[in-house]
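The residues making up each chain are set out below.
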Amino acid sequence: MTVNPLIAARRYEQGRRVLVTGGAGFLGSHLCERLLTRGDEVLCVDNFYTGARQNIEHLLAHPRFEMIRHDVCMPLYVEVDEIYNLACPASPIHYQYDPVQTTKTSVHGAINMLGLAKRTGAKILQASTSEVYGDPIQHPQTESYWGNVNPIGIRSCYDEGKRCAETLFFDYHRQHGLKIKVARIFNTYGPRMHPKDGRVVSNFVVQALAGHDLTVYGDGSQTRSFCFVSDLVDGLIRLMDSEDALVGPVNLGNPTECTVGDLARSILRLTQSNAVLTYRSIPADDPIRRCPDISLAKTLLDWHPQVSLEAGLQATIDYFRRTAVVGV
Ligand code: NAD
Ligand code: UDP
Ligand code: UDP
């Protein structure tokens, strides 16, 4: 790996130069904000496939923020010290809309960002997912579990794309000595989720505020564990800042498990909505149970979520009320 010594010497003198791919998305925009707050230069790359200009509008005038509209499936030549690779649609309805593009984004995107990290010597973090565990047989899920994934189903473009990206990260690490970090992110929610994102928290909040019935898929007994966005961003930054030997994968998520039915009832209570639950058929391969074992993150990163589901939901409800984006 060749690193320009002049560039290396400049490193950290004026704060880190950090690339965030998918930076105009839900998680990416919060991450960009936090990195700017601590003094980094932030280069946000996004093709606006599911992200939105509004998410980063308030950052555009910041002297240390820069935005490039770019598809990570194409090569990218920039000089940076760290890369957070978040570019990829994350909601089932969006990643299933153009499944071939979803796999390309995960795989070609990872190759290009790893190539960039190899050329510049940058440290690179992959936003992987609990979906690598598929419909898990082990519960809660530890990082050593290899998963139960359907390779040919409607979720496979996302699950297998992310699994292949993890493989690429570990092979670039072993073969080329890259400094890598792999975070397996579990369901995360909060302000700036797109109102038509299709994920369960935003769907239910938007529906409840509009007085529409809450669409529960299946009988609502399937579980998820919901992490508030500020906690998750904190975990990502701690992982990036950890010693080089810690490459992961590391689970990041809130270990408080909750059924989808209970989530719907909590949102009705917090919004004081008179809406009711309406039941729809459950999508294929929808995981029945999901809950992270976060022992590794607790021990190695001294990280665990601080925000309760109740407080996080309230903040999310306040956000959707303020932005008045109701009507899905
Ligand atoms: P999001 O859809 O809000 O953000 C993804 C961003 O990536 C969007 O801004 C989108 O426009 C951009 N993007 C998509 N394809 C691109 C491409 N080819 N080139 C450039 N930009 C592209 O989703 P999110 O919830 O913010 O998720 C961010 C990352 O975290 C994703 O990689 C996702 O897989 C991962 N993740 C999120 C969750 C969660 O619950 N939010 C859980 C597990 C993993
Ligand atoms: N790449 C990039 N930016 C860079 C360096 C590489 O986008 O600064 C891309 C390039 O398109 C290449 C990919 O990353 O195809 C993988 O790079 P690598 O050096 O691993 O492979 P090679 O160039 O030998 O195919
Ligand atoms: N879900 C639901 N109603 C909705 C959207 C989602 O009941 O309007 C369910 C979905 O079937 C799944 C859970 O909520 O069991 C979480 O779905 P989401 O799309 O948020 O994330 P993922 O399935 O990727 O965990």
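About the criteria used
Residues numbered from 1 in each chain as written. Chains lettered and ligands numbered in written order. Predicted model: local features only at pLDDT ≥ 70, side-chain atom pairs only at ≥ 80, totals over all residues. Heavy atoms only, no water. Helix = DSSP H or I, 4+ residues; strand = E, 2+ residues; numbered from the N terminus. Rg over C-alpha atoms; globule rule 2.2 N^0.38 Å. Buried < 20%, exposed > 50% of the residue type's maximum accessible area, 1.4 Å probe, protein only. Contact = heavy atoms within 4.5 Å. Lys, Arg positive; Asp, Glu negative; His and termini not counted. Charge placed at Lys NZ, Arg CZ, Asp CG, Glu CD. Near = heavy atom within 4 Å. Polar contact = N/O pair within 3.5 Å; in protein donor to acceptor, adjacent residues only side chain to side chain. Areas by Shrake-Rupley, 256 points an atom, 1.4 Å probe, with all protein chains shown as cover. Nonpolar A, V, L, I, M, F, W, Y, C, P; charged D, E, K, R; others polar. Pairing = 2+ DSSP bridges. Axes fitted to C-alpha atoms, helices over the stretch in contact; angles between N-to-C directions.

Our focus in this paragraph is the overall build of the protein chain. A count of helices and strands for the protein chain gives eleven helices and 13 strands. For a compact globule of 328 residues, the expected C-alpha radius of gyration is about 20 Å, and the protein chain comes in at 19 Å, within 12% of that figure. Taken along its principal axes, the extent of the C-alpha atoms in the protein chain is 65 × 45 × 40 Å. Here the protein chain holds 328 residues, and the buried ones make up 54% of them. Taking all contacts inside the protein chain whose residues are at least 6 apart in sequence as the whole, residues at least 24 apart take part in 81%. Across the protein chain, the centroid of the 33 positively charged side chains sits 2 Å from that of the 35 negatively charged ones.

Let us now look at the site of ligand 3. The local shell around ligand 3 holds 18 residues, among which Thr215, Tyr217, Arg224, Asp286 and Arg290 are the closest. Between ligand 3 and Arg224 there is a distance of 2.7 Å, counted from an oxygen atom to a side-chain nitrogen or oxygen. In the complex, 95% of the free accessible area of ligand 3, which totals 520 Å², lies under the protein chains. For the shell around ligand 3, the secondary structure elements donating two or more residues are helix H7 (200-210) and strand S8 (214-217). Tallied by class, residues from the shell around ligand 3 come to seven nonpolar, five polar and six charged.

Here the focus is the site of ligand 1. Neighbouring ligand 1 are 30 residues, the closest being Asp46, Thr50, Tyr158, Lys162 and Thr188. Here a nitrogen atom of ligand 1 sits 2.9 Å away from a polar atom, N or O, in the side chain of Asp71. Contacts to ligand 1 include Cys88, whose backbone N or O atom sits 3.4 Å from an oxygen atom. About the coverage of ligand 1: the protein hides 97% of its 820 Å² of free accessible area. Those elements giving two or more residues to the shell around ligand 1 turn out to be helix H2 (26-37), helix H5 (99-120), strand S5 (123-129) and helix H6 (156-176).

Further remarks concern the sheet that holds S5. Taken together, the seven strands give an open sheet; going across it, the order is S3-S2-S1-S4-S5-S6-S11, and neighbouring strands pair in parallel fashion. At either end of the open sheet lies a strand with only one pairing partner, and these are strand S3 (65-69) and strand S11 (250-252). Adjacent strand axes in the sheet meet at a mean angle of 20° when their direction is disregarded. Strand direction decides the pairing type here: strand S1 (residues 17-21) and strand S2 (residues 41-46), joined by five bridges, are parallel. Counterpart to Val20 in the pairing with S2 is Cys44. Where H5 meets the sheet, its contacts fall on S1, strand S4 (82-85) and S5, and the angle it forms with S4 comes to roughly 170°. Strands in contact with helix H8 (residues 229-241) are S4, S5, strand S6 (180-185) and S11; relative to S6, the strand with the most contacts, it is inclined by about 160°.

Leaving glycine aside, a negative phi is the common case for residues, and trans is the common case for peptide bonds. Here the bond from His139 into Pro140 is cis, since omega is -10°, no more than 30 degrees from zero. Looking along the chain, the bond that leaves Gly248 and enters Pro249 is cis, with omega of 0°. Within the secondary structure, Pro249 sits in the loop between H8 and S11. Non-glycine residue Asp285 carries a positive phi angle of around 65°. Note on placement: Asp285 falls in the loop between strand S13 (277-280) and helix H10 (295-301). Positive phi, normally seen in glycine, also occurs at Asp302, with a value near 55°. Mapped onto the secondary structure, Asp302 falls in the loop between H10 and helix H11 (309-323). According to the relative accessible area criterion, Asp302 is exposed, its value standing at 58%.

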